[in-house]
Structure formats: structure tokens, C-alpha cells
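Below, each chain spelled out in residue letters.
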Amino acid sequence: MTHYRMAASVEEALEILEEHGGEARIMAGGTDVMVDMHKGRIAPRCLVDITRIPELRAISVEGEWVQVGAAVTFAEIHRHPFIAQRVHVLAEAARSVGALPIQTAATWAGNIVQAMPAADGAIAALALQAEARIADAEGARWKPVETLFVRPGVSAVNPCRQVITHIRFRVPSGLWGSAWTRAGRRESLVLPTLNCGVSLRLHEDGTVAEAVIALGPVAPTPYRARDAEAFLRGKTPDAAAFAEAGCIITGDCNPRTSPARASREYRLALIPEMVAQALEVATRRAQPSVEAAVR
Amino acid sequence: MEATISFTLNGKAVTVRTDPMRTLLEVLRNDLGLTGTKQGCDLEGECGACTVLLDGVPVRSCLTPAGKVEGREVLTVEGLGDPDRLHPLQKAFAETGAVQCGYCTPGMLMSSAALLARNPNPSRQDIIEALEGNLCRCTGYARIITAVELAAAQMRGEASPDGAAAQARPIGGDLLRVDIAERVTGRTRYVEDMPMPDALHMRVVRSPHPHARVVAVDTQKALEVSGVLRVLTAADIPGENSIEGYSKDETVLVPVGGTVKMVGDAVALVIAATPEAAQAGVAAVEVAYEPLPAVLDPEEALAPDAVPIHADGNVLSTFAITHGDADAALAASDAVVDATYRTSYLEHATIEREAALGYIDEEGRITVVSGTHEPHWHRDFAAPVLGLEPSQVRVIMPPTGGSFGKRQDPWLVAATALAVYHMRRPVRIAYTRRESFDASPKRHPYVCHYTVGAMRDGMLTGLRLRVTANTGAYDSGGYYIPNYAIVAGGGAYRWRGVDAFAQSVYTNGPKAGQMRGYGTPQSNFALECTLDEMIQRLGDDPVEFRLRNAIAQHETTWLGYPVAESLGYRQVLEAIRPRYQALEAAARAFNEGERNTPWRKGVGLAGMWYRFGKYGIPRVAAEAELGLDGRFIVYCSAPDYGQGIATVIVQLAAETLGVSRDAIRLVNADTATTLDSSVPGASRATYWVGGAVCRAVTALREVVAEVASEMLDCPPSAVVLADDRVMAGGDAHRSLRLSEVAAEMERLGQSRKVMGVLDLRAQFPNYEREVYTPHFVTGAQVAEVLVNTATGQARVTHVVAAHDVGRAINPRDARGQVEGAIVMGLGAALMEEFVPGVTTGFSNYYIPTAKTMPDIEVIFVEVPSYQGPFGAKGLGEAPILPTAPAIINAISRAVGARIREIPATPERILAAARQGGLR
């Protein structure tokens, strides 16, 4: 039988983990943990619910960072005015997780700790070059989310010893835009055949200053297309450049065949289309709008 | 580790003492008795039936640990409104026909309530997004979206509730479902919701192997599990270990020495005090298997050296039709199309899982309450297993969460009866969703080889057809599949020559059985796509081509005889012609404008005929009674698993008697109280049982008029019925209460119950089991599909459906049947596929969601039937037939290459687009 504890603070949560010597586990929305427990994949002696810790429940946009607490749900994320209007890749990824009654409980931090190669939240985090604040008995530190994935289903964050308290990413500035594309066997309530998050910053002259491209499931962990990103730097963001970026990714990544979803070949065929589409939309969003120019 | 959890539930403070890790769903249903919240998956958040509001926010109660609700507010469907004070959403769901089986309804209502609280003026898109996580298998979602729009408008004060229904005529006017207030408030008790103190729990030991010999079954360790009371094996079957009346080669439990033939085959039953103990018992039963080579492909199973699955070889049944000289007709043709079409295993995926409750009734009968298409048949199949007479067994149809043919399988009733027989105590069972996918019968996958010939002037000539149906491990009611495959596979067309052969072949795949359309959607898909290939080859028009070749009412068909009911195919095609032309023109214009993009629109048309003909003796009976309270009671067996037949029966009785629906009480589908109406499916209930009910109430009316005429001193012909009264002519002063007439009949010793029979034996002399009355309904659909030729993703944007139903008794529910069938057909066309060894449940079997739903237009073409009640024919299955071929024809035309296998996944569509030279 599993104990259930509602932690009042991060400190208390960590104390409970400590007490159980690695046999207690952090839980936020529970949408993955409950299923994993029913299926016998995990059997913690104690679950530590962090969703009522006040400091973990807020989204803040302060100075150069947007900071999202670990107990914030995907529904709260995609309904947050700043994120909905300015951070499309995150808002749209948050809307892609399962369906609304799952988004109302599931959290971004929990999605990242699950460490699945196509987790929508993880792909969006990579596209935003997000960082996670990891707290444990030794203290707390920020780490790039990208460094937290070990292999499918295994995170560098140990939920029996550590807790992600916040995720943060830079407040968009300059000519910045982002986009999200996703393909699945149906339009909702489905794991992705392919998902792709992109963010893009342009120079004043319209060329690419920085591109970030993330995809899943095309590798054992959420994939960042660094070669394609490097290729795009300084280029004019047009169809030819996007096609070349797609080719580079197709040559570099290694998707698998999953019998219930799609073949490797189909995923490889899909990659250039999805990447180009995301880059095109992100570019449009990064370009100074007519309205803004008038203002 | 129990904890005390206090929260607000439906406005009242409650405290429960429980393990905080249990799901809120289980606490609500089991501890608090609120069974309105449903479980449709294995606590994985896949279906949405368990959606409740937590502080006003919709959550999956199956993923919510009870500990999380401490101090918070939970709202369930029971708290939304009650039957006397319905919430506007509940009222709107009732009035728009948004409820069929009702199993998804509570979750739909709660998701909708959360939306309207947040957004009183939602767009259609907002509604779809709010409901995209709630699966529904019956309605096709259209009516649900409409209901939410209506409720939102009413709550904004914009639309006044429609009070006209109560005064309307029973047929065509008063359309509310008979038990709708209970369904929309979570009060309806489905099998899992029925309280039964002291009930034991049963779970099934199933084979993990597709093919293996059972060497030994050791139950000792299972019996040592705390709470386990009994483990039943084949040795415990007192009668015959067989359900051969339904499935000629299927055992109830595979005995030691026998072979399991599919994953999910049942080997033992574990009965325990709790579901958990039963599950632990299942894990502890030790079955020694000797694995055998398995064959999953029917063409491999036909090879001379193939592994024998059954003693008599791997062919279950065959059927052939020869008409004229097909070879000569094909040889003389100007154009010949050869094509091979393939379909997949499909799963019914009803939102209610299989469930049964067994007990011994007050008369000592072994009684099983479980979803069925014909309780008398299930009784007759179960009794021999127990070595009992049918009269010692009783089967009762409960409110049921969808069937689509699935609940025709009698295994569950037989197994539950066996458990009650041994335990002499109530026993209940509910499958897991995984188990439902493993063990329930599927739709037969087909391989159809077509050769079709035509002349340059667009007249069809010859048809050669070869169908191989994969029946999986067992007959499972699939014996007659070859006949259905061929009859549908030739269609309502005039052929000079036909040479058709079909066979049903065993494999070690899941057993295939009854599913909406029984063996006809697959071959109709292949036929209508092959015809479209021919039409494109000839440069012909899809509507005109079909009209030119359509069978006429009185001609001898390629089956060798004329149809015996009115045939509306030409009228259907005429009705859909303008809509096809308009959509086709719009798609052309669209494609012109998108020439430099990957987007293409395709428009496809497909037709169908569907035989709702009865087999065996063409005679069906029902009864009607005048109750002592003066109400009319109708007795029949027309199981309602969500399609709405109970409402139709009451409408027909009320209309025939000239009284309101409130004057009618229906006793339905209980072997202890109703006759065997012999209608296990095939869309026959309205026509046959409805016909018998109309005759029964007509006969009853005559008896009542006779007695009343004596009492009122007027001729029987002058007696007028008015709900609870009878009058002499129009004279309201010379009237009696019907209860007084009933009392007089009682005094006279006259029976108040009479039988009515729809008997067409004179029309069909010498009919035997394998001959079907040639009764057909027809229809045609147009699908518009938007295809991304770069990714292969397709979205069905619009479907127009024209169907000849004879007469729509309940037009709103009839529309709901068509919409539901179209969305189910869309699933088959684009996404649904059960892959043995891969598919486990809703997480990898993709049924359409609200987001998948196209705009649907329904056109009813009412060509009255000759013999059906008020001109009605059959409807439930037929509308699924044209959907997949219409969609596939649309996609094939859009991408310029033929897709010959469904589901047309994005992957297959992309391959076709590349073949078509679009990329």
C-alpha cells in the first residue's frame, strides 16, 4: 500500500523523500504516475503531492525570464494570456497533451520528468531552450532541460530524490517567433507520430540570427537539430533554406517504426514537411507585423 | 494506509475513510454509490466517461487520486440536475437526440458544463475542443455539439425551451427517448451500476498464446489466494462445453488436452470475494501450454500444408452465386477493371465494456443480466452448458452502453450462468478494456478480388468476385459471412453475368463475428471503389453511371429473384445528385486555386444496398395487454443497446392505438416475461418486431372495443380510445375509464393479453434457415475530403447521406443513427485497425473524436415499405456501408491514384499521392 502525502513546501517534500530513502516519489497532476502504478511499472511506498505548494503554482513574467511553477497545469499554461499571445510553441504544445481534462491536471514539469522521446512539453522546452530548477538535499540549481534526458522513460532528475520546482525560459525579445506542428493518427487524444517545436530570432535585415528546432520521436530522447540550426544561422528564411534544414535533419536523426503509429520511413518523409511548416510559421511570427510598424 | 478525506460533493459536505491513492472514480462509484460517473477504460484516462468537475475544472476521475480532493469541490452528473429539475444541458441533450446508449453522456455533460461556466458564448470550435477528450461511439458527436449550442443559447436567455413535443403525434412528432431523464442525470443503472449485496466477482484466465495445446491447469495456488473461492475449468461444466448454437466450434473453457486458438481464449474462471482477489487468483492459476505454430494470414491458412486450426480444416464456410455467363460477359466488355481490396480487423469499441450480473431469481432460475441482441437466444445457448432446460435459465436485457453487434456473442452469459450454477450466489463480471479488445469478436478482415466489365456506353456487363474473409479462431456467428459478402458485393446493379465465390477462413487471429452491417461493409467498400475505378476509366459520372445500372423494382435480380420490398435506390441517387454536383464543382475550384500548394480536395460517391431480410421462418410475434390500471402494456423482445428501438416500439403502439405515449408501458427483452421475437440484429427490429407490436395492439384494441361497446351500449366500431378512457363516438358524456373496461374483462374472465404476429409465410413459402427474405434498404453518400498530399493527412470535411428508410418513425433518432454510422465508417476508412499482438485498447485503437467529425447532411428518401409498420424499413446498419468507399473514392480522386486498403492511414495516402505523381 502506498502512502499519500500532501507537501506544504518544497522543503517538506524533500524531507518526505529523504525519510523514505528513495522509495517515495514526487507527484504533481498524477496523470502519468497513476497509470504507471496501475500497470505495475512503479510501486513507490509514498507519493508526495506537490500541487498545493503555493510557490509552485504561479506563472511569472519578470525581467528576462518567464517562470512556470512545477504545479502549473498545461491548461493554465495555454490559457495564460502572455503565453497564449507570445509563446505559441508552448501554448500549442500544451494544448496537444492528451485532451483538456488531462491538461487540467498534467504539468509541464511532470511531462519532462517522464522523459518520453516525443513528450509535447519536452519538445516545447527544447525549442525554448528552457531550464529547470532542480532541488534536492544538496540544494537547488538550474539546468538546461535538454540535459535531463537519459533514455526513453529515464530522466536525469530522480523523482524519488529530487523535485523540479520551476521551469524558465527567456522572455521573447526582438524579432522572435515560435511555432508548433504535430502529426498523429487522429486530430486529438493521441500520441504524436511526429511533433516539432521551433523558435526563431531574426536580424533586422531579415536573416536568421538564431534558430532552435526540436523534434520527437526521432531519437531515444527529445531531439534538438543542432546542425540544421547552425545551417540556418545567417540565412534568409525562405522555402529553400527550410528544405535544406529538413534534409539535414532527415540525414541526422533516427526515428523508429512503431506498429500502432507509423513506420520509420513515413516519419522520415514527414520530417521535412513538418519542420518547414513550423519554420515558416515561426518566421511569419518573428517578422515585424504591419500593425507594429504603424505603431 | 487509510486516511480521512473531506470534500464537497455535489454541494454537500462528505467525509470518506479510504486509501487516498484509490482513484476518485472508484470512491465515487463504490464508496459513495454515485454510479453516474462511468468507467470506460482501464483507469488510463483514455475515454473521458469518468470526467467530473474538480473546483469547476473538468478532470479524469480515473486519474485523480482521492487524496487530491481533500477540501475541494467535486461535481458529478448527479449534482448537475435531477430528473425533475434538469440542467439546461441535460434538457438540451435529451431534446436534440444527443444521447444514444448514454454511457459517454455523463462525461460529455460535465465537460460541457465546465465549458459553459467559463465561456457562456462558445463557438462550435470551442465546443469541439472542450469535448475532444470524450469518446462517443454512437452519435458521431454532431447532436452533442448541437445540444451544447442549444443549452448555451438557452442559458443566455436567447432560445425558449420547446414545449411542443408533448402534444405532438407519436410518429414523427413526440420524439423524446423513453428513459431519457434517467440517462441524462446518471440515474440509469447499467449492469456495473446495479447494486447486488454479497455478489462475488469473476475474472477469466485467458490464453496469452495465439495457438497452443493446454497441457495442464493447476488451480491449487489460486485457491490459496485470500478471497478466492472457486476456480472453474472445463471439467466443471455439467452440460456441454460448447456454444455451438451460435459458434459451431467454440468451447466455453478450453479443456486440458485441447488447444487455445487465439490470444484471449478462456481456460478457467476465478470466482472470489473481491475483484482484486479474483485478479490475483487469475495470476496464480498455472496453465502449462505447449505452443503450436500459429497462422494469422487467411491466405497462408489456405495453403495445403497449413497448420490445421480445427479438425475439419481451415475453411469454416463457403458460398457461391452464378448468374448468366460472367466469363462471356467480361470477354465481350469494352473495359475491364481488375482490383484487389483489403480491409482490417475492427473493434466495436463500445464505451461500456462487457459486463454481466448473475443470480438465482425468485423462481429458482439461473438468471443473467447482460447486454444481448436476443435474450431468448442467449438463454437457449447457455442452458445446455449447464445441462438444464431453457426454462431453468433466464436472461434479462439491462440498459446497455452500445453494441454494434458485439453483444450478440453469448460467451459471457454462458460463463456467468456457469458461475452462478456452481456458487448458488450472485456473481458479477466486468471485462477490462484490454480484455474486451482481446476476447471480443471483431469485424472480419476481407481480401476481395474484383473483376468488373462494362461497355463504352457505361452499361455494366460481368462481375467476377472472390472474397476471403478472416474469421479468426472461431465461427462466432461468422458462418453466414460468405453469403452476406456476396450479396452486398454485387450491389443493387444489373449484371449480365456474375461468378461470385466467398469463403470464411480460420486463422489464429481474434475471432470475428457480428459487427454493424455483418460482412457487408467490407465487400460494398470493394465494389463501390472498383466501380469508381471503372467510372474514371470510362470518364463517366458517378451518379449517372449508378442510375443507369440500378436494378428496377420488379426485375429479376442477379440473385435469381426480384426483391420483395420497395426499392428506393434510384430515388436515393436522384436525391443526392445535386449535392454531389455542387461539392464536386466546389472541389474543382478549390484545387484550381491551390495548384501550387500540397492541398487537394476530393469528392467521392458510393452507394449500397443492405439486406435487412429475416432468415428462417418469416414470422414474428409480440403481445399487448390492457393493464388493470388502464394502461396498455406491450411485451416484446427488441433489445435497446442505444439505438432507440424501445422508443420506436412505444411510438408505433401509441400511433396505432391513437393514444399518447404515456398510455403505453413497454416490457422488453426478458425471457421470463416476453416472447421470443427472434430478431438478433440485421436492422430488423422496427420492421419485424414493430410490425408484430402494431398487430398486437390492433388486436387488443378490437377486444377492448368489443367489451367497451357492451358497456357503453354502442357498436364496437363507434368506440374511440383517448389515453386512459374509451368513448362512444365523439360523445364525451358516454365514456369509461380504461381501468373500468379492464375490471369488466377480469369479471368476464376474458384475457386482457393478446398476441400479434407479423407473418409473411404466405409470401415466402418453404423458407428455411439459409434463405433470407429479399428485403433491402438502399442509400448513397458523398464525401468531401481535404488531403495534404505532402504529409498524407486527410480530413473528411463534409458528408451528404441519402437513405431510403421507408418511413422515419423517429426522424431525430434516425438521423442520429446515420450520423453515428458515418463517423464509425470514417473511422474504418481512415484510422481504425486492430492489429493482433499490437492493439491493446483505446490508446492504440483510434476511434474518431469530436475533432474528426465532418459536417453531415442527412436526406431521408421515404419510399414506403409494403409490409413494415407505417411504411418503415430497417436503418441501423445500412448507413455505415457507403461511408468508407465514398471517402476512399474522394481521396483516390484527390491524389490521382487508387487506395485499395483501409484504413487509409496518412502513410498509405502519402504513398498513393507519390504514385499519383503529386509529389
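Everything numeric in this text was worked out from a predicted model, so none of it was measured.

Criteria and thresholds
- Per chain, residue numbering runs from 1 following the sequence as it is written.
- A letter from A marks each chain and a number from 1 marks each ligand, given out in the order of writing.
- Local features in a predicted model are, by the rule used here, given only for residues with pLDDT of at least 70; side-chain atom pairs are given and counted only at 80 or more, and totals for whole chains, interfaces and linings are based on all residues.
- Only hydrogens and water are set aside when side-chain values are computed; all heavy atoms of the structure are taken into account.
- Note on conventions: DSSP H or I runs of at least 4 residues are helices, E runs of at least 2 residues are strands, and numbering of each starts at the N terminus.
- We call a residue buried when its accessible area falls under 20% of the maximum for its residue type, exposed when it is over 50%, and partly exposed in between, using a 1.4 Å probe and counting protein chains only.
- Any two residues whose heavy atoms approach within 4.5 Å at even a single point are treated as in contact.
- Charge assignment in this entry is limited to Lys and Arg as positive and Asp and Glu as negative, and neither His nor the chain termini are counted.
- One atom stands in for each charge, and that atom is NZ of Lys, CZ of Arg, CG of Asp or CD of Glu.
- Strand pairing follows a simple DSSP-based rule, namely that at least 2 bridges must link the two strands.
- Pairing of N or O atoms within 3.5 Å defines a polar contact, subject to two protein rules: one partner must be a possible hydrogen donor and the other a possible acceptor, and residues neighboring in sequence count only if both atoms are side-chain atoms.
- Helix axes are fitted to C-alpha atoms over the stretch in contact, other axes to C-alpha atoms as well, and angles between N-to-C directions run from 0 to 180 degrees.
- What sets the label is the angle itself: under 35 degrees gives roughly parallel, over 145 gives roughly antiparallel, 65 to 115 gives roughly perpendicular, and the rest give oblique.
- Within this scheme a cavity is a closed region of a 1 Å grid, computed over the protein atoms alone, that accommodates a 1.4 Å probe without allowing it to escape, whereas a pocket is open but has protein on both sides within 12 Å along at least five of seven lines; lining residues each have an atom within 4 Å of a point.
- Grid points are joined across faces, edges and corners, and a volume is the space filled by probe spheres set on the points.
- Residue type decides the class: Asp, Glu, Lys and Arg count as charged, Ala, Val, Leu, Ile, Met, Phe, Trp, Tyr, Cys and Pro as nonpolar, and the leftover types, Gly among them, as polar.
- Start and end points for every domain follow an automatic or database-based domain assignment.
- When two components associate, each loses some accessible surface as probed by a 1.4 Å sphere; the sum of these losses over both components is called the buried area.
- Salt bridge criterion: a side-chain nitrogen from Lys or Arg within 4 Å of a carboxyl oxygen from Asp or Glu.
- Pairs were defined over the aromatic rings of Phe, Tyr and Trp, the Trp ring being its six-membered one, requiring ring centres within 6.5 Å. Orientation was assigned from the angle between planes: stacked under 30 degrees, edge-to-face over 60, tilted for the rest.
- Two thresholds decide whether a charge sits over a ring: the Lys NZ or Arg CZ must be within 6 Å of the ring centre and within 35 degrees of the ring normal.
- Distance thresholds for patches are 9 Å for like charges and 5 Å for nonpolar side chains (Val, Leu, Ile, Met, Phe, Trp, Tyr), applied to residues having over 30% relative accessible area and no salt bridge.
- Each accessible area is a Shrake-Rupley result for a 1.4 Å probe, and residues are judged covered by the shown protein chains and nothing else.

*Asks:* Can you lay out the overall build of chain A for me, pointing to particular residues and giving the numbers?
*Replies:* Within chain A, the regular secondary structure consists of twelve helices and 14 strands. Expressed as lengths along the three principal axes of its C-alpha atoms, the size of chain A is roughly 60 × 50 × 35 Å. Residue burial in chain A is summarised as follows: out of 295 residues, 60% are buried. Long-range pairs, those at least 24 residues apart, make up 60% of the contacts in chain A between residues at least 6 apart in sequence. Across chain A, the 32 positively charged side chains and the 32 negatively charged ones have centroids separated by 4 Å.

*Asks:* Explain the pairing of strand S17 (residues 427-430) of chain B to me, and be specific about the residues and the numbers.
*Replies:* Residues and elements named next belong to chain B. For strand S6 (residues 200-206) and S17, the ladder comprises two bridges, and the chain directions are parallel. Looking at S17, one finds that His-201 is bridged to Arg-428. For strand S14 (residues 355-360) and S17, the ladder comprises four bridges, and the chain directions are antiparallel. Residue pairing in the sheet places Gly-358 in a bridge with Val-427 of S17.

*Asks:* I'd like a rundown of the side chain of B:Ser677, residues and numbers included.
*Replies:* Residue and element names in this part refer to chain B. Tracing the sequence through the fold places Ser-677 in the loop between strand S24 (664-668) and helix H20 (685-712). For Ser-677, the side chain forms a polar contact with the main-chain nitrogen of Ser-637, separated by 3.1 Å. Each residue touching Ser-677, except ones within four places of it in the same chain, is listed here: Glu-374, Val-620, Ala-621, Cys-636, Ser-637 and Val-689.

*Asks:* Residues and numbers for the packing of H20(B) against helix H21 (residues 738-748) of chain B, please.
*Replies:* Residues and elements named next belong to chain B. At a closest axis distance of 10 Å, the pairing of H20 and H21 adopts a crossing angle of 95 degrees. In terms of their interaxial angle, H20 and H21 are classed as roughly perpendicular. Of H21, the residues touching H20 (which contributes Val-703, Val-704, Val-707, Ala-708 and Met-711) are Leu-738, Glu-740, Val-741, Glu-744, Met-745 and Leu-748.

*Asks:* I'd love a proper account of empty space enclosed by the protein, names of residues and values included.
*Replies:* Residues and elements named next belong to chain B. Counted according to the given criterion, the structure contains nine cavities of 30 Å³ or more. If you add up the space inside the largest cavity, you get close to 260 Å³. The element that contributes the greatest number of residues to the lining of the largest cavity is helix H13 (residues 411-423), accounting for three residues. Looking at the lining of the largest cavity, its residues break down into twelve nonpolar, six polar and eight charged. Here the second largest cavity defines a volume of roughly 140 Å³. Around the second largest cavity sit 14 residues that line it, and Leu-346, Arg-443, Pro-521, Ala-828 and Ile-902 are the ones nearest its centre. When contributions to the lining of the second largest cavity are tallied by element, the ones reaching two or more residues are helix H16 (520-538) and helix H22 (811-830).

*Asks:* Explain the domain arrangement of chain A residue by residue, including any values.
*Replies:* The figure often quoted for interface size is the accessible area lost as the parts come together. All names here are of chain A. Under the domain assignment, chain A is made up of domain 1 (3-170) and domain 2 (176-289). Using only C-alpha atoms to locate each centre, domain 1 and domain 2 end up separated by 24 Å. At the interface, 26 residues of domain 1 touch 26 residues of domain 2. Here domain 1 and domain 2 share an interface that buries about 2000 Å² over both sides, 61% of which is from carbon and sulfur atoms. There are four salt bridges connecting domain 1 and domain 2. Arg-182 is paired through a salt bridge with Asp-120; the nearest N and O atoms lie 3.0 Å apart. On inspection of domain 1 and its partner domain 2, the count reaches 13 residue pairs in polar contact (both at pLDDT 80 or more). Of all elements in the fold, only helix H5 (88-96), helix H8 (120-127) and strand S8 (149-151) reach the threshold of two or more residues within the side of domain 1 that touches domain 2. For the side of domain 1 that touches domain 2, a count of residues per class yields 17 nonpolar, four polar and five charged.

*Asks:* Before we move on, could you go through the domain arrangement of chain B and cite the residues and values that matter?
*Replies:* Residues and elements named next belong to chain B. Each assigned domain of chain B is listed with its residue range as follows: domain 1 (3-79), domain 2 (81-188), domain 3 (200-292 + 349-439), domain 4 (295-346 + 442-540), domain 5 (568-609 + 774-919) and domain 6 (619-759). Look at where the C-alpha atoms of domain 2 and domain 6 centre, and you get two points 32 Å apart. The interface is formed by eleven residues belonging to domain 2 together with 13 residues belonging to domain 6. Across the domain 2 to domain 6 interface the summed buried area is about 990 Å²; carbon plus sulfur atoms make up 49%. For the pair domain 2 and domain 6, the interface holds one salt bridge. Here domain 2 and domain 6 share seven residue pairs in polar contact (both at pLDDT 80 or more) between them.

*Asks:* Outline the side chain of B:His201, listing residues and values.
*Replies:* With respect to the helices and strands, the residue B:His201 is situated in strand S6. Those residues within four positions of B:His201 in sequence are excluded, and the remaining contacts are B:Val270, B:Ile271, B:Ala272, B:Ala273, B:Thr274, B:Pro275, B:Ala278 and B:Arg428.

*Asks:* Give me the lowdown on the packing of aromatic side chains, citing residues and values where you can.
*Replies:* Residue and element names in this part refer to chain B. Scanning all chains against the criterion turns up 19 aromatic pairs over all chains. Judged by centre distance (5.8 Å) and plane angle (75 degrees), the rings of Tyr-493 and Tyr-569 are edge-to-face. Taken as a pair, Tyr-493 in the loop between helix H15 (481-490) and strand S20 (497-506) and Tyr-569 in helix H18 (residues 569-593) lie far apart in primary sequence, 76 residues in all. Residue Tyr-493 is classed as buried on the basis of its relative accessible area of 1%. Residue classification places Tyr-569 among the buried residues on the basis of a relative accessible area of 1%. Within the aromatic cluster, the residues linked to one another by ring pairs are Tyr-479, Tyr-480, Tyr-484, Tyr-518, Tyr-615 and Tyr-772. Across the ring face of Phe-590, the terminal group of Lys-601 is positioned such that the distance to the ring centre comes to 4.7 Å. Here the guanidinium or amino end of Arg-611 rests over the ring plane of Tyr-772, the centre of that ring lying 4.0 Å away.

*Asks:* Before we move on, could you go through a negative patch on the surface and cite the residues and values that matter?
*Replies:* All names here are of chain B. There is a patch of like negative charges on the surface, built from Glu-702, Glu-706, Glu-710 and Asp-713. Along the chain, Glu-706 turns up in helix H20. Exposure remark for Glu-706: the relative accessible area of 46% places this residue in the partly exposed category.

*Asks:* Quick one: what's the story with the sheet that holds strand S4 (residues 59-62) of chain A, residue by residue and with numbers?
*Replies:* All names here are of chain A. Spatially, S4-S5-S10-S6-S7 is the arrangement adopted by the five strands of the open sheet, whose pairing is antiparallel. Each edge of the open sheet carries a strand with a single partner, namely S4 and strand S7 (139-144). Within this sheet the neighbouring strands show an average axis-to-axis angle of 20 degrees, counted without direction. In this structure, strand S6 (residues 131-136) lies alongside strand S10 (residues 163-170), joined through five bridges in antiparallel fashion. In the strand pairing of S10, Ala-132 is matched with Ile-167.

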